[in-house]
Amino acid sequence: MSNSPLTAQPKAGGTPMIDPFGRHISYLRVSVTDRCDFRCVYCMAEDMTFLPKAEILSLEELDRLCSAFVTLGVKKLRLTGGEPLVRKGIMQLIGNLSRHLETGALEELTLTTNGSQLGKYARDLAAHGVKRINVSIDSLDPEKFTRITRWGKLGPVLDGIEAAKAAGIRVKLNTVALKGVNDDEFHRLVEWCGEEGHDLTFIEVMPMGDIGGENRVDQFYPISLLRAHLAQRWTLVENDHRSGGPARYVTLAETGQRVGFITPLTHNFCESCNRVRLTCTGTLYMCLGQDDAADLRAPLRQSESDELLVAAIREAIARKPKGHDFIIDRRHSGPAVERHMSVTGG
Ligand code: SAM
Ligand code: SF4
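Residues numbered from 1 in each chain as written. Chains lettered and ligands numbered in written order. Predicted model: local features only at pLDDT ≥ 70, side-chain atom pairs only at ≥ 80, totals over all residues. Heavy atoms only, no water.

A. The arrangement of the packing of aromatic side chains in detail. On inspection of all chains with the given rule, the structure shows four aromatic pairs. Plain terms: the ring middles of Phe38 and Phe145 are 6.0 Å apart, the flat faces sit at 85° to each other, and that makes the pair edge-to-face. Of this pair, Phe38 sits in the loop between strand E1 (27–31) and helix H1 (59–71) while Phe145 sits in helix H5 (residues 142–149); the two residues are 107 residues apart in sequence, bridging distant segments of the chain. With respect to burial, Phe38 and Phe145 carry one shared label: buried. Here the aromatic residues Phe186, Phe202, Tyr221 and Phe261 are joined through ring pairs into a cluster of three or more. The lysine or arginine in question, Lys76, covers the ring of Tyr27, its NZ or CZ lying 4.7 Å from the ring centre. Residue placement shows Arg258 over the ring face of Tyr249; its charged tip is 5.6 Å from the ring centre. (Phe/Tyr/Trp six-rings, centres within 6.5 Å; stacked < 30°, edge-to-face > 60°. Helix = DSSP H or I, 4+ residues; strand = E, 2+ residues; numbered from the N terminus. Buried < 20%, exposed > 50% of the residue type's maximum accessible area, 1.4 Å probe, protein only. Lys NZ or Arg CZ within 6 Å of the ring centre and 35° of its normal.)

B. Seen up close, the pairing of strand E6 (residues 199–203). The element E6 is largely enclosed, with a buried count of five among its five residues. Burial of E6 is two-sided: the residues Asp199, Thr201 and Ile203 facing one way and the residues Leu200 and Phe202 facing the other way are all buried. The pairing of strand E5 (residues 170–176) with E6 spans five bridges and is classified as parallel. Opposite Thr175, over in E6, you have Phe202 as the bridge partner. Where E6 lies against strand E9 (residues 258–262), four bridges are found, and the strand directions are parallel. Paired with Ile203 across the strands is Ile262, a residue of E9. (Pairing = 2+ DSSP bridges.)

C. Geometry of the pairing of strand E4 (residues 132–136). Across three bridges, the pairing between strand E3 (residues 108–113) and E4 is parallel. Looking at E4, one finds that Thr112 is bridged to Asn134. In this fold, the crossover linking E3 to E4 by way of helix H4 (residues 118–127) has right-handed handedness. Relative to E5, E4 runs parallel, the two sharing five bridges. Residue Arg132 lies in a different strand from E5, and its bridge partner there is Arg170. (Right-handed = clockwise from strand over helix to strand, strands pointing away.)

So, to be careful, I would describe these as geometric facts and stop short of saying anything about function.
Next comes the structure, spelled out in structure tokens:
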């Protein structure tokens, strides 16, 4: 076993979580709400139906679940959604979870956000030990930004990023590559991130959940084409940097800047997948691209001790599949998995 901090033994809770393919599970992503103040065209239908509030775990239950995972060796916790910063009481949850950073049990507490509420929360996030965040921006053109997000405004998001930077939080941008929508902005996004000192990752559209009248085949812009497009202006040097996630990176020789690519339609990240995903109803998905899931809400509520919960988590990890089954082509234009990305948070 490597000496990487992410593979360190848990301090309590017994043996670490190792799946049937020998992968050490050290990364938990938690969708704290399925709700969002945006309606991005590739993510949700405009008239999206959300879960009834009664089904959603309370903040205390989310804390208990996350803490059980930390006890079992999770070192990195990412809060996502929906939009995590629209969940009522979210800063209380983050503040409480930060105790695991203080004890050293957790190495990183982070989040993925659309940035709309960052201006309000950046300082508190920094105070709670959040050092890096991912912010999703698909266009730097205010009008196009609103067209993509339907309900979003670019100005407050850019102000939020400034506030995060001022609070000492490193920002990585996530951009979904959308054919005929933002493919004229890839160079501009790279340049802007270079100027502002942000890392940037481009993501391919994934076939998750119904998105109403939109068609993902029309939206799909392959990362292979995007790389070729960037190579017309920049010298892309292969980089073996790993962020603990599925992105593969290049360095731009001209600026030294790092640019990542996520291509879920290939399997190039499954063999090193160290993560599982928890929904706001306590359902654990062992793979982003498969439907198999485990209910952790029942064992959580059945007993005040964590024994049943830990047993259910271990049983779920033992079922983690080898890889996903994503495919987008003309014959498979429907979703590969029924749930939306906002259920598991990407
Ligand atoms: N609302 C937050 C945000 O947008 O960053 C967090 C949740 S969002 C589901 C997480 C990431 O998933 C975002 O970067 C978003 O662009 C991406 N995403 C959503 N639906 C997607 C899809 N169908 N294919 C690829 N990426 C998707
Ligand atoms: Fe909301 Fe994020 Fe989905 Fe956009 S991508 S609709 S911001 S959850």
